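Structural overview
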Amino acid sequence: MENNMSMVFDAKSENEGLARMVISAFITELDPTIEELNDVKTAVSEAVTNSIIHGYNGTEGKVYMDCSLDMEENENHGTLKITVKDQGVGIENVEKAKEPLFTTKPELERSGMGFMFMEMFMDELIVESEKGRGTKVSMTKRLTKQEKIW
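Residues numbered from 1 in each chain as written. Predicted model: local features only at pLDDT ≥ 70, side-chain atom pairs only at ≥ 80, totals over all residues. Heavy atoms only, no water.

Attention shifts here to the overall build of the protein chain. In terms of regular secondary structure, the protein chain is built from 4 helices and 5 strands. Sorting the 150 residues of the protein chain into buried and exposed places 46% on the buried side. Taking contacts inside the protein chain between residues at least 6 apart in sequence as the whole, the part at least 24 apart equals 65%. When the accessible surface of the protein chain is split by element, carbon and sulfur atoms take 49% of a total near 8,600 Å². (Helix = DSSP H or I, 4+ residues; strand = E, 2+ residues; numbered from the N terminus. Buried < 20%, exposed > 50% of the residue type's maximum accessible area, 1.4 Å probe, protein only. Contact = heavy atoms within 4.5 Å. Areas by Shrake-Rupley, 256 points an atom, 1.4 Å probe, with all protein chains shown as cover.)

This is how it looks when you write it as structure tokens:
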């Protein structure tokens, strides 16, 4: 059984919290652990923030978030897939951008840890980007449905 959700929002920093809230609500059917919930929220936050800060450089734009939750029949786990896209400036060198501590915005006190956090908290991370056309971040995480104890 699959459940899908898509949303589009303005590339404004205040919408990063909206994305975190929406993904939290979306995965509640699995009753994730606090750790799983925090992992997913952090990864989404980093992806959305990258789109807003780096993708659009403070200019207007849209961030696109698509999510799917595939529950395996008669199983206690599911696979969460999240895609965060922008149509911003793109990334010239994705491998360089994924290096810990690399940032193009040191003046904004950016830590350069966004992609590392996404890789650490999700099971899979794929970053596709084209200079001048935007970036697409695809993340996957396997979640285990928690047994009710009452």
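Compared with an ideal rise of 1.5 Å per residue, which puts 22 residues at 32 Å, helix 2 (residues 34–55) spans 30 Å between its outermost C-alpha atoms and is within 8% of the ideal. In terms of residue burial, helix 2 counts as a mostly covered element, since 16 of its 22 residues are buried. Once helix 2 finishes, Asn-57 follows within two positions and takes phi at roughly 50°, a positive value. (Expected span 1.5 Å × (residues − 1).)

Under the counting rule described, the total for this entry stands at 1 aromatic pair. A ring pair is formed by Phe-117 and Phe-121, whose centres lie 6.0 Å apart and whose planes are at 10°; its orientation type is stacked. Of this pair, Phe-117 and Phe-121 both sit in helix 4 (residues 114–121), 4 residues apart, which is roughly one turn of the helix. (Phe/Tyr/Trp six-rings, centres within 6.5 Å; stacked < 30°, edge-to-face > 60°.)

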